[in-house]
Structures are given as structure tokens and as C-alpha cells.
Amino acid sequence: MQPKQSGAPGREVDLERVKPYADHQNDGIVQFSFTLPVPYGLAARKAAQELARKMGFEHPEVVHYQGLTEGYTYFVMFGECTETVDYATLSDEGFEIEYMSEDEIEAFASERIGRPIVIVGAATGTDTHSVGIDAMLNLKGFHGHHGLEGYRAFETHNLGSQVSNSVLVARAIELDADAILVSQTVTQQNLHINNLTELVEIVEAEGQRRRMILTCGGPRVSNELAKELGYDAGFSKGTYPYHVASFIVRELAARTAAA
Amino acid sequence: MPPRSIAPTLLGLIAPTQRLALVGLAKNTGKTETLAAILRELAERDTPVGVTSIGRDGEAHDVIDARIEKPRIVLERGSLVASTDALVRASGLTHERLARTGMRTPLGEVVIARLAERGAVEVAGPSAAEELREVSDAMIGFGAEIVLIDGSIDRRAASSPAVVDGLVMATGAVLSEEIEAVVAATKDAVDLVRLPAVDGAPASASTDGSEEIMLGRSLVLGAEPAEIAALLREHPSASTFNVEGALSERFLEGLLTARSERAGRELRIVVGDPTKVFLTRRGPDWYRRQGLAIEVLRMIRLQAITVNPVAPQSHRFESKRLRELIEAAIADVPVIDVLDPDYLALAK
């Protein structure tokens, strides 16, 4: 259970009714921006304020506005949000992953798994973008976090891009993979959904679903979508290799313990 | 105009089934509305029901297109549900937790609960087909007379005969703006679900040059044309190939190409059940005409088709016309629109 209160001493937050914070607790102040297809001027300013009010913001203010190009105006707004959100229930839903540092992951894996964890990854279908899968798997990684290849705990196989789902599954079976990592960057007409669905269905048809940890990643992937598609986890923008690594070692340890 | 036959209710069609899968051909084909209709009909007869989902159902908004509002799943007092612990608690309904399953999903662990009051619940069950069977059997053990398994997106795994005894398929306007294309796509999907059972003795696993060949996994999945050609050369008299796991379009195409070099002999491909066959470009009929017959060891019982004549945020068809076209194209399966006023009057 999460505590129902947080924040610095003397400034407790009610986690069942959380509001945006700007200057002080519960002021609800939000900064947001948008563009309207109208010429720069006082009428435009008024229109932006009126629209923000319709969005449900109280005391909306235009703090900055400028013409973008002929007939378009860009606004930065302040407004007061009157709604609250129940963080306590959400954080209780059980999909919060406790992340570990690289050293912690290595120590955890060596103690709890004690053998190289085999990971097969690819960008599947017609997707030519290997950037996501490379960032997670290759030694170089990104933003100073090296990929899973650089961990002693993992034996990684990056099949690259435009890999067909059946070939990916064939490789995973051949290598006796512990986890499959699939990346989908192209999302036009929900192509990523069709691709990800086909992969999980092939894994099922091969009778491997319970044997392998299935994870997917991409700009429009979330844990909710992962559940809907039948994956064990979904990783979105802002994911670093140690996030994926933390999930895989913990999940594998939990499965090993349950078996 | 009177219906062409005495129109049955969904419950009448699925009656003897203990485990029923609901599978949609795409998102927003009305799968959850169909589930809601069956639940209403069961409630009127006080039949104890268990509900689970391979995906996530009863959420307020669509996870892919947040503009689309989804139907809620309302369960009667005493109903069983296999969903994540957090979602059962978030329903706010009084319930008794009967079992933890140890099955983990991205939304938490799946538990089995009995509701002590009527209300709406979000259902997110296990993600693996095998686990769906386990929670279904557990709910039957706790007293459910029928278990309903809601599918997800267009996933078919839950409809495997290894999991359920029957299937209701949902189709709808969302598949295409052309009504004929909706009918054709529905027919292809039904042909796949109703692949014929292999006749004669069950396939044997011989690997020599006799009549039946068991194919290796990596050969079928990898489907390298040269390997497929070599296989046909090595077994000139083989007429039946048994596939243990998934059968891909790529393998079938490779087989066609390799076979044409060998004077196009007739071949039979035997798979476990229809959920193991992956066809997107052409239906099973097309392959049959080319001399490749796909057969299954275990069939799926398709008990009804439901239609959603509305494509959210887009277009709609006339319900009756869509139903009649599908009935004309597909033999022996009743087609129902659970939101059509005529059906609602009948189901009362």
C-alpha cells in the first residue's frame, strides 16, 4: 500500500485528490499552449481566453502570444484546474515497476537467476526503424545508458528491422529465449497494433506464451495497451535500457520462484 | 417484413456451451455489446456466470482512440469475475476474493472474485490462452454454469478448442466503408474459423519418405524457399504435412512456389486448430483451389455472428441489409445485431 499522504513535512498532499502544483499546494495552476488559425490581435487574445474557459480552466490568462505566420497565432496560457485525480488508487494498481540501477540489476540477476538471460529483439513487420530496439539492446545505448548488450546478466540477439513475426519467433525458440523485445515505431493506421497482435498470436500458437516474457516498445505503446494486446509489459517514450532490464530480471525471478 | 426464420436469442444459440469465447474481427465490432447482451439474457434466467477477458474490458474509453466511449460490463450479484485485484477493488463493489491466481499482467495480478452486489466492473484477465482455460475452470469450480471470455482487438487465441467449447464472432462496419468488403472480410474470417477437420486416422509423426511428414518448427516459421523446395524433393510421395505450431502465409506461399516445380501435386497441411493458421492476404478457399488443403485436428464451434452496423467516428450501414448480406454469404450461422430494436424486443 502507498501512503495516502506525501510531500515535505508540513505540506502534506492528499493523494486521493491531487491537483496541479505551481506556487503553492492545491493552487491547480496549469501552463499550456496552443495555436489558433486566426490573425494576431486583441480578438485572437480574447478568443484564446474564451476557449480556455470552455476547456474548464478558471481565471484563464494569456501570458504570451505571438503571430506564427499569416493568419495563425500562438498562445501560452495560465489557468486554474478545478479537477482532482485519485493518485492513491492508481499507484495501487500494481503496474508500478521498481527500477534498479545497472549494478543492482547485475547483482539481482546473478543472485536470483544465475545464468545469462537470453533476449531476442527486433523491429517487426514493415517497420524499418531500428532506432528503438538499438537503443535498448546495443552496447552504445543512448543518453549515456548503455544497452542490455553491455550487461553481464544478458545474452542479447538484435535481429534488426523489417523482421517478420514468424522469423522472430523461430529465432526465439531456437535460442531458447527468456524474453522477446519488439519495437514498433510506425503507427500509421494502427499498423503497430496488427503487428504486435500477430506476434503474440504466433507465440501462442507455438505454445510458448507462458515460457517467454513478451515486451513491446514504441512511441504509442503503454502498459494498458500491452495488457490489451496480451504482452507482459509495454515501454513508451522516456524508457531507458535499465527500465527494461529491471522489468525482465524481476519478472523472470518471479516466474522462476512460482515454478 | 417477418424474419426469414424464427429468430433465436443469443442465449438460445449458445445454451449448451460451458466456456464461450467472444472474438471481434477488429476493435469496435461490438464484442463488448455482445457480451453485455448475453449477460442481460443470463441475468433474466438467474444463471450463475463467470466473466474474464484476454485483454481489458469495461474501461470507460478506448485505449487506442480515446474519443470512443466503451460499453460498461454490468454483472449481477453472485457473478464470478477473473480480473486484476486493483480493477476489482476499483469497481467499489462489495466482493469476496475466492482465489489469487499468481498470474501477472501489466495491470497487476489476476484474482477470482464473487460479487456481493450488482454493478459495473472492469475486466482484465490473464494474457495467455492456457491461463484463460485455468481461470475458466476455476470459475466453473466455484459454481459458474457458463464462463464468458471476452477477446481483445482481433486476437483469436481465446477461441482455441483448447480453451473454449464455443465461439461468437463480432463483425461490423468498422472493417470497411464498403459494405461488400465487410461481408467479404467476415466470410474469410469465418472460413478460417471453420477449417475442416482432418478425416481418417490422426496424423502420425513419421519423418521418412512415407505419406505423412511432421514438419520442424524452424522450417515452418522461417520458411526459407530453398529449404521448402528441398523438403519436397526429399519426400516425393508425401501428401500430408503436419504442422505442430503456427502455419504462416509465408510458408504456404513457399510451398506453392516449390510445388509448381514438381508438377503441382496436391498437398494437405494439417494443423492443431484454426487459431494456429495465419492468413492475411488470401483465404483458405484460395489455397484449396491451388491444391493446398488446410485441415485441423480440432474444430471450433462457431455459434453465432453479431454485427455492429456503426463505425465510430466514421460511417454506418443499415443493420438489416448488413445482416442479410452476411447471412447470404455464410451458410448455417445466425447473424444478430444485439442493439437492433427487433432483437431487443425478442430478447425481452
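Reading the values: the criteria
Residues numbered from 1 in each chain as written. Chains lettered and ligands numbered in written order. Predicted model: local features only at pLDDT ≥ 70, side-chain atom pairs only at ≥ 80, totals over all residues. Domains from an automatic or database assignment. Nonpolar A, V, L, I, M, F, W, Y, C, P; charged D, E, K, R; others polar. Contact = placed C-beta atoms within 7 Å. Helix = DSSP H or I, 4+ residues; strand = E, 2+ residues; numbered from the N terminus. Expected span 1.5 Å × (residues − 1). Buried ≥ 20, exposed ≤ 12 C-beta atoms within 10 Å, placed from the backbone. Arc of directions from axis to C-beta. Core = buried A, V, L, I, M, F, W, Y, C linked by C-beta atoms within 7 Å. Pairing = 2+ DSSP bridges. Axes fitted to C-alpha atoms, helices over the stretch in contact; angles between N-to-C directions. pLDDT = per-residue confidence, 0-100. Parallel < 35°, antiparallel > 145°, perpendicular 65-115°, else oblique. Left-handed = near helix turned anticlockwise from the far one by under 90°. Right-handed = clockwise from strand over helix to strand, strands pointing away.

Caption draft 1: View of the domain arrangement of chain B. Residue and element names in this part refer to chain B. Domain parsing of chain B yields domain 1 (10-192 + 301-347) and domain 2 (212-296). If you average the C-alpha positions of domain 1 and of domain 2, the two centres end up 33 Å apart. Its residues placed into classes, the side of domain 1 that touches domain 2 shows three nonpolar, two polar and three charged.

Caption draft 2: Fine view of the interface of chain B and chain A. Counting residues at the interface gives 39 residues for chain B, matched by 37 residues for chain A. Looking at the side of chain B that touches chain A element by element, the count peaks at four residues for helix α6 (residues 217-222) of chain B. Residue composition of the side of chain B that touches chain A, by class: 16 nonpolar, twelve polar and eleven charged.

Caption draft 3: Helix α1 (residues 42-54) of chain A, seen in detail. All names here are of chain A. Given a rise of 1.5 Å per residue, 13 residues ought to cover 18 Å, and the 19 Å separating the end C-alpha atoms of α1 matches this to within 8%. Those residues of α1 that fall on the buried side of the exposure criterion are Ala-44, Ala-48 and Ala-52. Viewed along the axis of α1, the buried residues span an arc of 75°, placing them on a single side of the element. Summarising the geometry of α1, the exposed residues directed more than 90 degrees from the buried face are Leu-42, Ala-43, Lys-46, Glu-50 and Lys-54. Those residues of α1 that are buried lie in contact with β3 (29-36), β4 (58-69) and β5 (72-80). One or two steps after α1, the chain reaches Gly-56, where phi turns positive at roughly 105°.

Caption draft 4: Up close: the nonpolar core. Core analysis: the biggest nonpolar cluster contains 74 residues, and Leu-168, Ile-180 and Leu-181 of chain A together with Leu-247 of chain B have the highest contact counts within it. No other element matches the seven residues that helix α6 (residues 191-205) of chain A contributes to this core. In contact with Leu-181 of chain A, not counting residues within four places along its chain, are Ile-119, Gly-121, Ile-133, Met-136, Leu-137, Thr-215 and Val-244 of chain A. Leu-20, Val-23, Leu-35 and Val-123 of chain B belong to the second largest nonpolar core, which has 73 residues in total.

Caption draft 5: Spatial organisation of the sheet that holds strand β7 (residues 154-158) of chain A. Residues and elements named next belong to chain A. If you trace the five strands from one edge of the open sheet to the other, you get β7-β6-β8-β9-β10, paired in parallel fashion. What marks the edges here is a single partner per strand, and that holds for β7 and β10 (233-235). Between one strand axis and the next, the sheet turns through 20° on average, direction left out of account. Taken together, the five bridges between strand β6 (residues 117-123) and β7 define a ladder with parallel strand orientation. Residue pairing across strands places Val-120 opposite His-157, the latter belonging to β7. Against the sheet, helix α8 (residues 241-258) contacts β6, β8 (179-183), β9 (213-217) and β10, and its axis sits at roughly 165° relative to β9.

Caption draft 6: Quick look at the confidence of the model for chain B. Residues and elements named next belong to chain B. Overall, the prediction assigns chain B a mean pLDDT of 87, with 90% of residues at 70 or greater. The low-confidence segment residues 1-5 (pLDDT under 50) makes zero contacts with residues lying over four places distant or belonging to another chain. Segment residues 202-210 is flagged for pLDDT under 50; beyond a separation of four residues in sequence, or across chains, it makes 13 contacts in the model. Model confidence for the complex: the whole-complex pTM is 0.81, and ipTM, which rates the interface, is 0.84.

Caption draft 7: A look at the packing of helix α5 (residues 165-174) of chain A against α6 of chain A. Residues and elements named next belong to chain A. It is the contact of α5 with α6, at a shortest axis distance of 9 Å, that shows an interaxial angle of 40°. Taken together, the axes of α5 and α6 lie oblique to each other. Along this stretch, α5 crosses α6, giving a crossing that reads as right-handed. Only Asn-195, Glu-198, Leu-199, Ile-202 and Val-203 of α6 make contact with α5, whose side of the interface consists of Asn-165, Ser-166, Leu-168 and Val-169. Here the residues of the contact of α5 with α6 are counted per class, giving five nonpolar, three polar and one charged.

Caption draft 8: Just the pairing of β6 of chain A, in detail. All names here are of chain A. In terms of burial, β6 is largely enclosed, as six of its seven residues are buried. Remark: the β6/helix α4 (residues 131-137)/β7 crossover connection has right-handed handedness. With five bridges connecting them, β6 and β8 associate as parallel partners. Paired with Ile-119 across the strands is Ala-179, a residue of β8.

Caption draft 9: Representation of unusual backbone geometry. Residues and elements named next belong to chain A. Its identity is not glycine, yet His-59 carries a phi of approximately 50°, on the positive side. With respect to the helices and strands, the residue His-59 is situated in strand β4. With a phi angle near 55°, Gln-162 is a residue other than glycine that sits in the positive phi range. Considering the arrangement of structural elements, one finds Gln-162 in the loop between β7 and α5.

Caption draft 10: Molecular detail of the sheet that holds strand β13 (residues 267-271) of chain B. All names here are of chain B. Pairing is parallel in the open sheet, where four strands are placed in the order β10-β11-β13-β15. The sheet is open, and its two borders are formed by β10 (212-214) and β15 (292-296), each paired with just one other strand. Each strand axis lies, on average, 25° off the axis of its neighbour in the sheet, ignoring direction. Bridging between strand β11 (residues 240-242) and β13 involves three bridges; their strand directions are parallel. Looking at β13, one finds that Phe-241 is bridged to Ile-269.

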